[in-house]
Amino acid sequence: MKPQSPDWSPARAVKPDSPTPRSLLIRGARVLDPGSGFDGIGHVGIRDGVIVACEPSLPNEAYDETVDADGLWLMPGVVDLCARFREPGQTHKASFASEVPAAQASGITTVLLPPDCQPVIDSPAMLLRVQRIAAQAGGLDVRVLGALTKGLGGEALAELSSLKNAGASGASQALQPIRDSLVARRALEYAHGLGITVHVFAQNAALAAGGCAHEGAIATRLGLPPIPAAAEVSGIRFWITLVEDTGARVHFCRLSTARGAELVALAQQRGLPVSADVAAHQLFLTDADIDGFNALCHVQPPLRGAADRDALREAVASGVIGAICSDHQPHEADAKINPFPLTEPGISALETLLPLTLALVHEGRLSPLAMAECLSLGPARIAGLDAGRLDAGQPADLVLIDPDAEWTLHTERLLSAGRNTPFDGRALRGRVVRTVYRGQTVFAG
């Protein structure tokens, strides 16, 4: 492999001009297949969009193109459980046209969209509208969560049966609360009867009280309205109680506290059908990063203390947290220039998801195979998708990675329309060399 420029970024790579051949052999890669548990040198053959071979021995058949992957890692394409593409409704922030290439350059082949676009995805008509936009963009498997309640208002239940029939991959309130406990219980009963997983952002709205920062010394010194850890913890306890009563499957989105991860672990030990994910930035940043009123670190849930960050890392390593997601929220520049509490929360995070997770591998906190589990098979299972494996017959959604390429993130080189990242200027190690979606090369670095 040629040495990589330290200033490499996804935006500098370009797609090949020639069409992708009908068959492709990736030869001599370190294959990471979380489905089978295989971690070793292997060769993967692709024909007509499908994996036809994943073997330690070199196949005898001829292929239209052969990629020499010596020194590279090959794993299933990344499945991102939460990313906002801002279309329809907020195309001044981003759109499918900008965010699909950013996802492809990041090794993401499947993405799950929450329902809080404008209008809210609370009807089959709105769901089909988003699906049509995604189909026109192409090159990415876009799945959609339907709204749990109409307009995400937390009062009347949405048409969950119709949403499921239209292709919804689950139901969610996004960041909006359900203040009526009876409505929440009925929503889980309805979802359970339909076999729908409910994705829950567990935060007690009364305790959060419009806060914008973790309750601690930093928020106190800066005079910022706090969100205590108890807001998340009490929210998780509430939903676990309803899971006990209804048997519904609940996925806790974007955990941020040690106590929250502990509650999820205890529920899993009792055999309750609950799972959890964490945003990659929560594994690296803390509330100390908001010092100086750094609005680029204004996120929901808020960045917590170092002890919470370390506990989240342990929960990922132990498997309690089964997926790492981007929680991608691109914004225009004006969204981050007001006083901290008035800025819009969120990070443009598609292009840092894989390198940040790779950092956990380089630090010795995750094995390469565990990384593939957290980014592909784990989230695929949570979303109920047949993805994240390298079995023969599977759709050929793959990402080829150079794990040792060193580069520096520069916001002006991001493919995403959102430049709102606190990782500008950060030295990173590991990059995407090629992303294959349904057998077609959609990104080549």
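Residues numbered from 1 in each chain as written. Predicted model: local features only at pLDDT ≥ 70, side-chain atom pairs only at ≥ 80, totals over all residues. Heavy atoms only, no water.

Asker: Is there a simple way to think about the overall build of the protein in this case?
Answerer: Along the backbone of the protein there are 11 helices and 19 strands. Here the protein has a C-alpha radius of gyration of 21 Å; the compact-globule value for 445 residues is 22 Å, and the two agree. For the protein, the C-alpha atoms occupy an extent of roughly 65 × 50 × 40 Å along the three principal directions. Within the protein, the fraction of its 445 residues that count as buried is 60%. For the protein, the accessible area works out to roughly 16700 Å², and carbon and sulfur atoms hold 49% of it. Considering the protein, the positive charge centre built from 38 side chains and the negative charge centre built from 48 side chains are found 2 Å apart. (Helix = DSSP H or I, 4+ residues; strand = E, 2+ residues; numbered from the N terminus. Rg over C-alpha atoms; globule rule 2.2 N^0.38 Å. Buried < 20%, exposed > 50% of the residue type's maximum accessible area, 1.4 Å probe, protein only. Areas by Shrake-Rupley, 256 points an atom, 1.4 Å probe, with all protein chains shown as cover. Lys, Arg positive; Asp, Glu negative; His and termini not counted. Charge placed at Lys NZ, Arg CZ, Asp CG, Glu CD.)

Asker: Looking at this structure, I do not really get the environment of Arg-27. What am I missing?
Answerer: Along the chain, Arg-27 turns up in strand S1 (residues 23-33). Spatially, the C-alpha atoms of Arg-27 and Asp-70 are 7.4 Å apart, while their sequence positions differ by 43 residues. Apart from residues no more than four positions distant in its own chain, Arg-27 is found in contact with Gly-42, His-43, Leu-58, Thr-66, Val-67, Asp-68, Ala-69 and Asp-70. (Contact = heavy atoms within 4.5 Å.)

Asker: What's the story with the environment of Glu-232 in this structure? I'm lost.
Answerer: Secondary-structure assignment places Glu-232 in helix H7 (residues 229-246). Taking C-alpha positions, Glu-232 is 9.3 Å from Ala-205, a pair spaced 27 residues apart along the chain. If we ignore the near neighbours within four places in the chain, the residues touching Glu-232 are Ala-202, Gln-203, Arg-254, Leu-255, Ser-256, Thr-257, Gly-260 and Pro-301. Here Thr-257 takes part through its side chain, which lies 2.6 Å from a polar atom of the side chain of Glu-232. (Polar contact = N/O pair within 3.5 Å; in protein donor to acceptor, adjacent residues only side chain to side chain.)

Asker: So what exactly am I meant to see when it comes to the nonpolar core here?
Answerer: Inside soluble globular proteins, nonpolar side chains tend to come together where they are buried. In this structure, Phe-252 and Ile-324 are the most contacted members of the largest nonpolar core, which totals 106 residues. No other element matches the 8 residues that helix H10 (residues 350-362) contributes to this core. Dropping the residues within four chain positions of it, Phe-252 is found in contact with Val-200, Ala-202, Ile-236, Trp-239, Ile-240, Val-264, Val-274, Ser-275, Ala-276 and Asp-277. (Core = buried A, V, L, I, M, F, W, Y, C linked by side-chain atoms within 4.5 Å.)

Asker: What's the story with helix H1 (residues 96-105) in this structure? I'm lost.
Answerer: Quick reminder: α-helices carry 3.6 residues per turn. Residues three or four places apart thus point the same way. With respect to burial, H1 is a largely interior element, 8 of its 10 residues being buried. Of all the residues in H1, the buried ones are Phe-96, Ser-98, Glu-99, Val-100, Ala-102, Ala-103, Gln-104 and Ala-105.

Asker: Explain the confidence of the model for the protein to me, please; I cannot follow it from the model alone.
Answerer: Parts of the prediction with low pLDDT should not have their coordinates interpreted in detail. Confidence in the prediction for the protein averages 95 pLDDT; 95% of positions are at 70 or higher. Note that residues 1-6 has pLDDT below 50 and, in this model, 13 contacts with residues that lie over four places away or in other chains. Residue range residues 8-18 is modelled with pLDDT below 50. Its contacts to residues more than four positions away, or to other chains, number 27 contacts. (pLDDT = per-residue confidence, 0-100.)

Asker: Hey, could you run me through unusual backbone geometry in this one?
Answerer: Across the chain, the bulk of peptide bonds are trans and the bulk of non-glycine residues have phi less than zero. Of note, the bond from Glu-87 into Pro-88 is cis; its omega dihedral lies within 30 degrees of zero at 5°. Its location among the elements puts Pro-88 in the loop between strand S6 (78-80) and H1. Cis rather than trans, the peptide bond between Gln-118 and Pro-119 has omega equal to 0°. Unusually for a residue other than glycine, Arg-438 sits at a positive phi of about 55°. You can see Arg-438 is positioned in the loop between strand S18 (427-437) and strand S19 (440-444).

Asker: Can you walk me through the packing of aromatic side chains in this structure?
Answerer: The description of an aromatic ring pair uses the distance of the two centres, along with the angle that the planes make with each other. Applying the stated criterion across every chain, the model contains 2 aromatic pairs. Measuring from ring centre to ring centre gives 5.4 Å for Phe-238 and Trp-239, while their planes differ by 80°; the resulting arrangement is edge-to-face. Between Arg-313 and the ring centre of Phe-284, over which it is positioned, the NZ or CZ distance is 4.8 Å. (Phe/Tyr/Trp six-rings, centres within 6.5 Å; stacked < 30°, edge-to-face > 60°. Lys NZ or Arg CZ within 6 Å of the ring centre and 35° of its normal.)

Asker: Looking at this model, I keep getting lost on empty space enclosed by the protein. Mind explaining?
Answerer: Over the atoms, a rolling probe the size of a water molecule traces out where space has been left empty. Under the defined criterion, the tally for this structure stands at 3 cavities of 30 Å³ or more. In this structure, the largest cavity encloses a volume near 100 Å³. Lining the largest cavity are 14 residues, and of these Cys-82, Arg-84, Ala-174, Cys-253 and Arg-254 lie nearest its centre. Partitioning the lining of the largest cavity into residue classes produces 8 nonpolar, 3 polar and 3 charged. (1 Å grid on protein atoms, 1.4 Å probe; cavity = no way out; pocket = protein on both sides within 12 Å on 5 of 7 lines; lining within 4 Å. Points joined across faces, edges and corners; volume = space filled by probe spheres on them. Nonpolar A, V, L, I, M, F, W, Y, C, P; charged D, E, K, R; others polar.)

Asker: Just to check I follow, could you spell out the sheet that holds strand S7 (residues 108-113) for this structure?
Answerer: Where strands meet in a sheet, backbone hydrogen bonds hold them as pairs that are either parallel or antiparallel. Spatial strand order, S6-S7-S8: 3 strands in an open sheet with parallel pairing. The open sheet is flanked by S6 and strand S8 (141-144), the only strands paired with a single partner. Going across the sheet, the axis of each strand differs from the next one's by a mean of 15°, ignoring polarity. As judged from the 4 bridges shared by S7 and S8, these two strands associate in the parallel manner. Counted as the bridge partner of Val-111 is Val-142 from S8. Helix H11 (residues 368-383) rests against S6 and S7 of the sheet, and its axis sits at about 45° to S6. (Pairing = 2+ DSSP bridges. Axes fitted to C-alpha atoms, helices over the stretch in contact; angles between N-to-C directions.)

Asker: Would you explain H7 in this entry?
Answerer: Given a rise of 1.5 Å per residue, 18 residues ought to cover 26 Å, and the 26 Å separating the end C-alpha atoms of H7 matches this to within 8%. At the C-terminal side of H7, Gly-247 shows a positive phi close to 80°. (Expected span 1.5 Å × (residues − 1).)

Asker: I would appreciate a short explanation of the sheet that holds strand S10 (residues 171-172) in the present structure.
Answerer: Spatially, S9-S10-S11-S14-S15-S16 is the arrangement adopted by the 6 strands of the open sheet, whose pairing is parallel. Single-partner strands in this sheet number two, and they are strand S9 (146-147) and strand S16 (323-325). On the sheet, helix H8 (residues 258-269) packs against strand S14 (250-252) and strand S15 (274-279) and is oriented at approximately 150° with respect to S15.

Asker: So what exactly am I meant to see when it comes to the layout of surface pockets here?
Answerer: The calculated volume of the largest pocket comes to roughly 680 Å³. What lines the largest pocket is a set of 34 residues, and nearest its centre among them are Leu-175, Pro-177, Gln-203, Asn-204 and Ala-205. Elements supplying a minimum of two residues to the lining of the largest pocket: strand S11 (198-200), helix H5 (205-208) and H7. Broken down by element, the residue count for the lining of the largest pocket peaks at 4 residues, all from H7. By residue class, the composition of the lining of the largest pocket is 20 nonpolar, 13 polar and 1 charged.

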